[in-house]
Amino acid sequence: MPLLVAAVVSACQPQLPETVRSGLVYCSEGSPEAFNPQLVTSGTTIDAISQQLYDRLLDIDPQSGELKPLLATHWQVNDSGTVYEFTLRSGVQFHQTEYFTPGRPFNSDDVIFTFNRIMDKNHPFHYQGGGNYPFFQSVDWANLVERVVATSENTVRFELSRPDSSFLSNLATDFAAILSAEYGAAVLAQGQPGRIDSHPIGTGPFRFKEYQKDVLIRYYRHKNYWREQAKPEQLVFDIVPNNARRMAKLFTHECDVVAFPRVAELGLISQRPDVDVQESTSMNIGFWAFNTAKPPFDDARVRLALAMAINREAILQAVYFGYATAANSVLPPTSWAYNADLPQLPFDQTQAKALLAEAGYANGFSMDIWAMPVQRLYNPNALKMAEMMQADLAQIGVRATIVSYEWNSFRRKLSNNEHDSVLIGWSADNADPDNFFRPLLSCSAAQTGTNRANWCDANFDRLISQALLTSDQKQRRSYYMAAQQYLAEQMPLLSIAHSQRFQALNSDISGIEINPYGGISLATAVKDVK
Amino acid sequence: MILYLLRRLFLLVFVFIALSILAFSLGYLFPGNALQNFTGMTDIPAELATQLTAEYRLDSGYIQQYIAYLQRIFSGDWGLSFASKQPLLQEIKILLPATLELAAYALLVSFFVGIPLGIIAAIKPDGIVSRIISTLAIAGYSIPVFWWALLLIMLFSLGLGWLPTAGRIGVLYEIPHITGFMLADILLANSQHQTEALLNALRHILLPTIVLATFPTTVMIRFTRDSMLDVWEQSYIKTARAKGLNRAQVLYRHGLRNALLPVIRQIGLQFSTLITLAMITEVIFSWPGIGRWLIDSIYQRNYPAIQAGLLVISTLVISVNMLTEILHTLFNPLARKR
């Protein structure tokens, strides 16, 4: 019994080891798919691995959205916009772990190794993990970048086949993490190439220690980090998929930071003095995409009619609890290319019926709405949203059936375009407007299966390609304005909302900010020791 | 006595054969392809499939297949888990100690709390103390374990903030896996922060232990009390009292030993209930044991894991049952003679 009393009392004991006292526990909503950002798209994985383990050549300033130097100290572009030359930072060390000791600092070989893995089919690691690089495929990287060459030990040249004004922004995304060529050679020599993606080595603020699937990820501070050392000595991602359980762990201080608190509970959380809620506008879009290759959704009038029949205002209240901005375009209003002159799409079921009749469906039809089974920032409750839409659609004579599968099968079936329509969304990885158009609605995205509307339109593709050929922002904006106008007329997808991102944390934690362009960084988190 | 042990052992072997036949037939009874259910591999390429079919004897009769299955079980090749693609035996080796640890603490608590309370309740069967104990025992016996767990979490974790809600130890403590028993591993790990880690682990184990111990404790109380009352009526107790032994001496030398015999037998009988309750407790407290793993496997339709998990748990229950039976016989000369 005295032991038990001691155990209870020790809750407020100050004598704790350093790794525990300054350690940070981030309770995340799911397990990562891999420890290499090149291979993944899910925000859960990016949050857990990208900013903690790796650095990129460039960084995005979270306030202004401008590019900043990171592993590249400066860069030059030739006049035609097809050759980029980067000068690399010297003295950057890779992680030293139980399974790898780096023999040299970061240099141009690492950059070449990293990007050749993505585009060179003969690269020893290209097919490791399936040979899929979803983000880079969606921006057509393999055709854009002709080659990457080292001009000296600390300068690298990227030669492009055409000018692309989103190129630098793409290099700054969380997916463009720099791997170690030396480590690649080491795992290859050991005959275990798979370890490059499961036992990561990077230059980031933390180094990998262990991963237990569905339980936790453990990192320790990278002692030779080139910037200021990470504040937490230890960083643990405690994997808690259940929302209620994650909140309970926050209240008992088992978690220091909690990803994605349920918006319905924000009121409850903010009442507690020991817990803070942070919010930030985030670059994302939740939408309803129609499979435009399937009749009747190949008719723009049908798509418009369906879009008009939906009461989006009610959805904002019931699904997002008001913590979101109504969307009028796929681009959020904070983007510089946002078209503020777009006419508002009316909620008008009479007009919707008329449009349906005009298209030859006066008596309506039956369709499926696919609702994703997981909670995502851009759509916290797709099933509820689908139910509301089902009721709205019934008003214009369209009989909707709600379909859902387990998340992995759901995504696989979507990529095969088995759906009629789907409720899903997108979170941007960088500030460039191209990041909303090309990965979502271009023909190349339709081929790789990330274009949920299965929409391949030559006019639209021409507009967004032309926007990439120039770096003049005014000119680019005019192309994007036209593209948004065109989308509003064609309606391959109905934009619903731009959600805010929330994060709940103990009030003794400071120094964490939500990055609107992708993954969270926890290196600057400070725990106020009592 | 040796004959008795042999008889028991024979029975154990027989029950195990019955269980393994059941587990084996699940490979066919579960949906999907038997080869996948036995190997745990999905998307098996054609040439590998022929090779595996031969290796698993799936092309011969059921009896040969069953013998091959038994051989694999004993050689440690239990197939892979659908979900993690890891060898099942490896996973079970990591998970089983966590469940055993929890169940062991709960049993210990039920001994050290249940038996004394049962004795106290038997001393004055109509007294107020006895009535209170009996009432608590009935309440504890009938309370649903998940509700009880949630109540305790609400009070001690969310309300008072004293105890954590999940896991075996704070995630910031890195304890290497040696025996799989958390407290033993902390002592073996030999870090300089042993005491803090130990206290932290104790805070984690407190609530699950209380929850899991509730049911067996109440069973202990009721059995000890009833059996004490029974024994107290026996003539040898009266003789001992008449010989001039005081109450405590009689209780200790003649009463307790005889009264506890049926209680030992109860442990064996209650063990299967305990394991079932441990599964629920593990789910509620995110305790990384075999029960939670088995329930997850059912959700994920992880057939190889269900098969292996059922075999392990039922073998465990049967073995413990047998063991207590043998202990009971050892302590009871009457049963030994039979």
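Bear in mind that the values here come from a model prediction, so they are computed numbers and not experimental data. Counting restarts for each chain: residues are numbered from 1 in the order of the written sequence. Here the convention is simple: chains get letters from A, ligands get numbers from 1, in the order in which they are written. Per-residue local features are limited, in this predicted model, to residues with pLDDT of at least 70; the limit for side-chain atom pairs, both in listing and counting, is 80 or more; totals at the level of whole chains, interfaces and linings are taken over all residues. The side-chain values count all of the structure's non-hydrogen atoms but skip hydrogen atoms and water molecules.

Within chain B one finds 14 helices and zero strands. Start at the N end of chain B and walk to the C end: the helices and strands fall as α-α-α-α-α-α-α-α-α-α-α-α-α-α. Residues counted as buried form 46% of the 338 residues belonging to chain B. Summarising the internal contacts of chain B: among those between residues at least 6 apart in sequence, 69% fall at separations of at least 24. Entry remark: accessible area of chain B is about 17500 Å², with carbon and sulfur atoms responsible for 68%. Neither His nor the chain ends is counted toward charge; the positive residues are Lys and Arg and the negative residues Asp and Glu. A charged residue contributes its charge at one atom only: NZ of Lys, CZ of Arg, CG of Asp or CD of Glu. Averaging the locations of the 24 positively and 17 negatively charged side chains of chain B gives two centres separated by 18 Å. Each helix is a run of H or I in the DSSP string that is no shorter than four residues. Each strand is a run of E no shorter than two, and both are numbered from the N terminus. Accessible area is worked out with a 1.4 Å probe on protein chains only. A residue is then buried under 20% of its type maximum, exposed over 50%, and partly exposed in between. Should any heavy atoms of two residues lie within 4.5 Å, those residues are considered in contact. The accessible surface values rely on the Shrake-Rupley method and a 1.4 Å probe; as for residues, cover is taken only from the protein chains in view.

Residue and element names in this part refer to chain A. Ordered by their spatial adjacency, four strands build an open sheet running β4-β5-β7-β6, and the pairing between neighbours is antiparallel. Of all the strands in the sheet, just β4 (72-77) and β6 (145-152) have a single pairing partner and so form its edges. Between one strand axis and the next, the sheet turns by 20 degrees as a mean value, whatever way the strands run. For two strands to be treated as a pair, DSSP must find at least two bridges joining them. Both strand β5 (residues 83-88) and strand β7 (residues 155-160) contribute to a ladder of five bridges, which runs antiparallel. With axes taken as lines fitted to C-alpha atoms, and helix axes fitted only over the stretch in contact, angles between N-to-C directions fall between 0 and 180 degrees.

A word on the confidence of the model for chain B. All names here are of chain B. On a scale of 0 to 100, pLDDT captures the predictor's confidence in every residue. Per-residue confidence for chain B gives a mean pLDDT of 85, with 99% of residues at or over 70. By mean pLDDT, helix α14 (residues 333-337) is the weakest element of chain B at 68, and helix α7 (residues 145-159) is the strongest at 89. Two summary scores accompany this predicted model of the complex, namely pTM at 0.80 and ipTM at 0.77.

Before going further, it helps to examine the interface of chain B and chain A. Residue-level contacts link 22 residues of chain B with 33 residues of chain A. Counting the surface lost from both chain B and chain A, the interface buries some 2200 Å², and carbon and sulfur atoms represent 66% of this. On the chain B side of the interface with chain A, the three residues burying the most area are Val 171, Leu 172 and Glu 174 of chain B, jointly 32% of the side's total. Salt bridge, as used here: a side-chain nitrogen of Lys or Arg that lies within 4 Å of a carboxyl oxygen of Asp or Glu. Counting every contact that joins chain B to chain A gives one salt bridge. Residues Lys 209 of chain A and Glu 174 of chain B are paired through a salt bridge, measuring 3.5 Å at the closest nitrogen-oxygen approach. N or O atoms closer than or at 3.5 Å make up a polar contact, with two conditions inside protein: a donor-capable atom paired with an acceptor-capable one, and, for residues adjacent in sequence, both atoms drawn from side chains. If you look at where chain B meets chain A, you find seven residue pairs in polar contact (both at pLDDT 80 or more). Elements with a minimum of two residues in the side of chain B that touches chain A: α7, α9 (194-232) and α11 (247-284) of chain B. Looking at the side of chain B that touches chain A element by element, the count peaks at six residues for α9 of chain B. Here the nonpolar group is Ala, Val, Leu, Ile, Met, Phe, Trp, Tyr, Cys and Pro; Asp, Glu, Lys and Arg are the charged ones; every other residue, Gly included, is treated as polar. Considering only residue class, the side of chain B that touches chain A consists of 14 nonpolar, five polar and three charged. Accessible area that two parts lose when put together, evaluated with a 1.4 Å probe and summed over both, is termed the buried area.

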